[in-house]
Amino acid sequence: MVNPRGLSVTLTNANTSYSLLTLLQTADAGFTDLPNEGSARCQIVTLQADLNAGGARFYIGNSGLTGAIMGSELVAGQAISIGFYSGLNPILLSSIYVRSDTAGVRMNVWVVIL
């Protein structure tokens, strides 16, 4: 697999939480799980709300993500990087969830896989 990996994913439905790992695998069948509890581990993941998203709001969090409970909120063009800088606690892509209040918007993702 190419590393680092850049992909764009589509959040098809509004107000629906999506597993980031599932979205990445849907966007590219070559984005495969690594043998780590069924989850791809990464060192850094950067999420960017697509520049053409208009007034859409994007929410990033864990499996409890809602429009009111989140770790971060982005609007068009904004980005956030989540990373770890020691070998102890890598990021599990299956534990990151994203959603938007608008249907059919895209999110751009950069991932550095371990």
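Residues numbered from 1 in each chain as written. Predicted model: local features only at pLDDT ≥ 70, side-chain atom pairs only at ≥ 80, totals over all residues. Heavy atoms only, no water.

Student: I would appreciate a short explanation of the sheet that holds strand β4 (residues 57-61) in the present structure.
Tutor: Within a sheet, neighbouring strands are paired by backbone hydrogen bonds and run either parallel or antiparallel to one another. Spatially, β2-β8-β4-β5 is the arrangement adopted by the four strands of the open sheet, whose pairing is antiparallel. Only two strands of the sheet have a single partner each, and these edge strands are β2 (18-19) and β5 (72-75). Bridge analysis of β4 against β5 gives four bridges, and the strand direction is antiparallel. Directly across from Ile60, in β5, lies its bridge partner Ser72. (Pairing = 2+ DSSP bridges. Helix = DSSP H or I, 4+ residues; strand = E, 2+ residues; numbered from the N terminus.)

Student: How should the pattern of salt bridges be read in this particular structure?
Tutor: Inspection of every chain in the model, using the stated rule, returns two salt bridges. Two residues, Asp28 and Arg5, come together in a salt bridge whose shortest N-O distance is 1.8 Å. You can see Asp28 sitting in the loop between α1 (20-27) and β3 (41-49) and its partner Arg5 sitting in strand β1 (residues 5-11), a full 23 residues away along the chain. Residue classification places Asp28 among the partly exposed positions, given a relative accessible area of 21%. Here Arg57 and Glu73 are joined by a salt bridge, their closest N and O atoms 3.0 Å apart. (Salt bridge = Lys/Arg side-chain N within 4 Å of Asp/Glu carboxyl O. Buried < 20%, exposed > 50% of the residue type's maximum accessible area, 1.4 Å probe, protein only.)

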